[in-house]
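Each chain, letter by letter, is given below.
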Amino acid sequence: DGKTEEIEPTEFTTYPEISTKTDFDTFATLMLHTGYFTRARNVKTTNETSTVIKIPNKEILNCFENKAKYLFGCKNSEWMEKAYSLRDALFAGKAEDAQKIIDNMLMTFISFRDTAYESYYHGFMTGVLSMMITEGIALKSNQESGNGYSDIILMDGCNSAVILEFKKCETNTPRCLKQTCEDALEQIIRNQYDFSLKQDGYADILMYGIAFHGKKCLVKMTESD
């Protein structure tokens, strides 16, 4: 979006490192050397070894924007395949399969730097699942339901619906992730996020609590009474 980012430049980088295992600072250093990023002048840094970078002009900014549209759009077959698989797993009640798909998408498509806030995961999941609304699936995000606002509700227009509640976990330990999932499910039940769906005649309602930390998640599911 045309803003700046502070990085720690990497002194030694090889192309095999870029293609197999890298981080944002290494990638940004490569982009800096090749002219896709440039140093932002007269901007203070947090320490002497870091530098602040930006995209140098509108033309290159458009290149990044077009690449992002491709990566997260229907023309990217890998992205679309995972989105369809996630939809099917959620409606089938396959929590473990959904967890594996989300984990894979987090590892493939996001930066660890983006995972500081719960709202990022909400936006990411909304972006993934909104691809499905043209396939007979309706999506509601942050809509009033019961005694609160559910994160995401998916409906097939017939008899089945899915309620998703997201929470960011403080650590990636199994105990913390499990407790956070249980907290999310308890919130769905306590606030009766399924009330409106029952009123509309949905009989098959699955409720998911999803805990996130970094590029890892845990998915737990229960059925509405």
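1. Details of helix α4 (residues 77-92)
- With 16 residues, α4 should reach 22 Å at 1.5 Å per residue; the first-to-last C-alpha distance of 22 Å fits that figure.
- For α4, the complete set of buried residues consists of Trp79, Met80, Lys82, Ala83, Leu86, Arg87, Ala89, Leu90 and Phe91.
- One or two steps after α4, the chain reaches Gly93, where phi turns positive at roughly 75 degrees.

2. As for the side chain of Thr29
- Secondary-structure assignment places Thr29 in helix α2 (residues 24-34).
- Residue classification places Thr29 among the buried positions, given a relative accessible area of 3%.
- Side-chain polar atoms of Thr29 contact the backbone nitrogen of Thr10, separated by 2.9 Å.
- Not counting chain neighbours up to four residues away, the residues in contact with Thr29 comprise Ile7, Glu8, Pro9 and Thr10.

3. Let's talk about the environment of Ser50
- Tracing the chain through its elements places Ser50 in the loop between β2 (38-39) and β3 (51-54).
- Linking Ser50 and Pro9, residues 41 residues apart in sequence, is a C-alpha distance of 6.6 Å.
- Those residues within four positions of Ser50 in sequence are excluded, and the remaining contacts are Glu6, Ile7, Glu8, Pro9 and Thr45.

4. Description of the packing of aromatic side chains
- Scanning the model with the defined rule gives seven aromatic pairs in all.
- Aromatic side chains Phe27 and Phe37 sit 6.3 Å apart centroid to centroid with 85 degrees between the ring planes, which places their arrangement in the edge-to-face category. Taken as a pair, Phe27 in helix α2 and Phe37 in the loop between α2 and β2 lie far apart in primary sequence, ten residues in all.
- Look at Phe27 and you get partly exposed, because its relative accessible area is 30%.
- Taken together, a centroid distance of 6.5 Å and an interplanar angle of 20 degrees make the contact between Tyr120 and Phe124 stacked. On the criterion of helical spacing, the pair formed by Tyr120 and Phe124 is a turn pair, its members being four residues apart in helix α6 (residues 118-129).
- Of the residues examined, Tyr120 reaches a relative accessible area of 26% and is grouped as partly exposed.

Cut-offs used in this document
- Residues numbered from 1 in each chain as written.
- Predicted model: local features only at pLDDT ≥ 70, side-chain atom pairs only at ≥ 80, totals over all residues.
- Heavy atoms only, no water.
- Helix = DSSP H or I, 4+ residues; strand = E, 2+ residues; numbered from the N terminus.
- Expected span 1.5 Å × (residues − 1).
- Buried < 20%, exposed > 50% of the residue type's maximum accessible area, 1.4 Å probe, protein only.
- Polar contact = N/O pair within 3.5 Å; in protein donor to acceptor, adjacent residues only side chain to side chain.
- Contact = heavy atoms within 4.5 Å.
- Phe/Tyr/Trp six-rings, centres within 6.5 Å; stacked < 30°, edge-to-face > 60°.

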